[in-house]
Amino acid sequence: MQTIKILFDVNGLPSKEFKYTGIFNVQKLHKIAEQGYHLAFHKITSRSSLKGIIKETLKLRKKLIYENWDIVHAQYGSSTALICSLAKTKSTRLVINFGGDDLLGTRSVNGRKTFSSYISILFSQISAIFADGIVTVSKELREALWPISRNKTEVIPDGVDMEKYCVMEREE
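Residues numbered from 1 in each chain as written. Predicted model: local features only at pLDDT ≥ 70, side-chain atom pairs only at ≥ 80, totals over all residues. Heavy atoms only, no water.

Participant: Please explain helix H5 (residues 115–130) as it appears in this structure.
Facilitator: An α-helical turn contains 3.6 residues, so a residue and the one three or four places further along point in the same direction. Given a rise of 1.5 Å per residue, 16 residues ought to cover 22 Å, and the 24 Å separating the end C-alpha atoms of H5 matches this to within 8%. Taken as a whole, H5 has its buried residues at Ser 117, Ile 121, Ser 124, Gln 125, Ser 127 and Ala 128. For H5, the buried positions fall inside an angular range of 165° around the axis, keeping them on one side. Buried-residue contacts for H5 involve helix H3 (78–87), strand S4 (93–98), helix H4 (101–104), strand S5 (133–136), helix H6 (139–144) and helix H7 (147–150). (Helix = DSSP H or I, 4+ residues; strand = E, 2+ residues; numbered from the N terminus. Expected span 1.5 Å × (residues − 1). Buried < 20%, exposed > 50% of the residue type's maximum accessible area, 1.4 Å probe, protein only. Arc of directions from axis to C-beta. Contact = heavy atoms within 4.5 Å.)

Below you can see the structure in the form of structure tokens.
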């Protein structure tokens, strides 16, 4: 039986300067690898300009074609997911994991969504249409997706189980 190859696209990985950045992504990957899948990281480095998005899309598409990846997994939406959706090939499946502000936006100090949040949300929603599978970390995020994308979405909580743990006074 052939091993399934998963290319994990992420913009936050541990480094010398930021050794705890993306540590949960690394732990998640180790768990997936334990199941017998062949995994590798692909770091998207330039995603904040149109030129950067085009460059990264072409670089990723070349990698998907020449290295024959089965699945590309975009960890987080916005421009990361957009690049993965534009780069995917007919034989490559796309899975996107949405974690929060990629679908809900980021608020400024005045409480309103920032302009860049609206762009990120749009990129996330468009990418979700082209995804073969979607993971959200809550039901609320699933409902934030456009209806066309919800039927291919699984809710897999990624954090604190609020039914098991609750907010309480420090003294308790």
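Structure shown, so let's carry the discussion forward.
Participant: Sorry, what's going on with the packing of aromatic side chains here?
Facilitator: In this description, a pair of aromatic rings is defined by centroid distance and the angle of the planes. Applying the stated criterion across every chain, the model contains 0 aromatic pairs. The cationic tip of Lys 5 hangs over the ring face of Trp 69; the distance from NZ or CZ to the ring centre is 4.7 Å. (Phe/Tyr/Trp six-rings, centres within 6.5 Å; stacked < 30°, edge-to-face > 60°. Lys NZ or Arg CZ within 6 Å of the ring centre and 35° of its normal.)

Participant: How should I be thinking about a nonpolar patch on the surface in this particular structure?
Facilitator: Together, Leu 122, Ile 129, Phe 130, Trp 146 and Ile 148 give the surface a local cluster of nonpolar side chains, amounting to about 470 Å² of exposed area. Sorting elements by how many residues they give to the nonpolar patch places H5 first, with 3 residues. Taking the relative accessible area as the measure of exposure, Ile 129 reaches 31% and is therefore partly exposed. (Patch = residues over 30% accessible without salt bridge, like charges linked within 9 Å, V, L, I, M, F, W, Y side chains within 5 Å. Areas by Shrake-Rupley, 256 points an atom, 1.4 Å probe, with all protein chains shown as cover. Salt bridge = Lys/Arg side-chain N within 4 Å of Asp/Glu carboxyl O.)

Participant: Explain the packing of H3 against H5 to me, please; I cannot follow it from the model alone.
Facilitator: Describing two packed helices takes the angle between their axes plus the distance from one axis to the other. Between H3 and H5, the least distance of the axes is 8 Å, while the angle of their chain directions is 35°. Like other packed secondary-structure pairs, H3 and H5 cross with a definite hand, here left-handed. Every residue of H5 that contacts H3 at Ser 78, Ser 79, Ala 81, Leu 82 and Ser 85 is listed here: Ser 120, Phe 123, Ser 124, Ser 127 and Phe 130. A class-by-class count of the residues in the contact of H3 with H5 yields 4 nonpolar, 6 polar and no charged. (Axes fitted to C-alpha atoms, helices over the stretch in contact; angles between N-to-C directions. Left-handed = near helix turned anticlockwise from the far one by under 90°. Nonpolar A, V, L, I, M, F, W, Y, C, P; charged D, E, K, R; others polar.)

Participant: I'm lost on the side chain of Gln 75 in this one. Help?
Facilitator: Tracing the chain through its elements places Gln 75 in strand S3 (residues 71–75). Within the structure, the side chain of Gln 75 is placed 3.3 Å from the side chain of Asn 97, a separation counted as a polar contact. (Polar contact = N/O pair within 3.5 Å; in protein donor to acceptor, adjacent residues only side chain to side chain.)

Participant: It is not clear to me how the confidence of the model for the chain should be interpreted in this structure. Could you clarify?
Facilitator: Parts of the model with low pLDDT should not have their predicted coordinates read in detail. Taken residue by residue, the chain gives an average pLDDT of 85. The fraction at 70 or more is 81%. Of all the helices and strands in the chain, helix H1 (residues 23–34) carries the lowest mean pLDDT, 74, while H7 carries the highest, 97. (pLDDT = per-residue confidence, 0-100.)

Participant: How should I be thinking about the packing of helix H2 (residues 50–66) against H3 in this particular structure?
Facilitator: Close contact between H2 and H3 brings their axes to 8 Å; oriented N to C, the two are set at 50°. Looking at the two axes, H2 sits oblique to H3. Note on packing geometry: the crossing formed by H2 with H3 is right-handed. Contact residues: Ile 53, Glu 56, Thr 57, Leu 60, Arg 61 and Leu 64 in H2; Ser 79, Ile 83, Cys 84, Leu 86 and Ala 87 in H3. Taken together, the residues that form the contact of H2 with H3 break down as 7 nonpolar, 2 polar and 2 charged. (Parallel < 35°, antiparallel > 145°, perpendicular 65-115°, else oblique.)

Participant: Which parts of the structure should I look at to understand unusual backbone geometry?
Facilitator: The phi angle of most residues is negative, glycine excepted, and most peptide bonds adopt the trans form. The phi dihedral of Asn 68 falls on the positive side, at around 55°, and the residue is not glycine. Along the chain, the position of Asn 68 falls in the loop between H2 and S3. Residue Asn 68 is classed as partly exposed on the basis of its relative accessible area of 47%. Non-glycine residue Tyr 76 carries a positive phi angle of around 100°.

Participant: For this particular structure, what's the right way to read the nonpolar core?
Facilitator: Generally speaking, a soluble globular protein has its nonpolar side chains buried in company with each other. Core analysis: the largest hydrophobic core is formed by 22 residues, its most contacted members being Leu 60, Leu 64, Ile 96 and Phe 98. Of all the secondary-structure elements, those providing two or more residues to this core are H2, S3, H3 and S4. Take this core: its biggest share by element is 4 residues, from H3. With residues up to four places along the chain from it excluded, the contact list for Ile 96 reads Ala 74, Tyr 76, Gly 77, Ala 81, Ser 127, Ala 128, Ala 131, Gly 133, Ile 134 and Val 135. (Core = buried A, V, L, I, M, F, W, Y, C linked by side-chain atoms within 4.5 Å.)

Participant: What's the story with the environment of Gly 100 in this structure? I'm lost.
Facilitator: Considering the arrangement of structural elements, one finds Gly 100 in the loop between S4 and H4. Taking the C-alpha atoms as reference, Gly 100 lies 7.8 Å from Val 137; in sequence the two are 37 residues apart. Once you skip the residues sitting within four places of it in the chain, Gly 100 turns out to touch Gly 105 and Leu 141.

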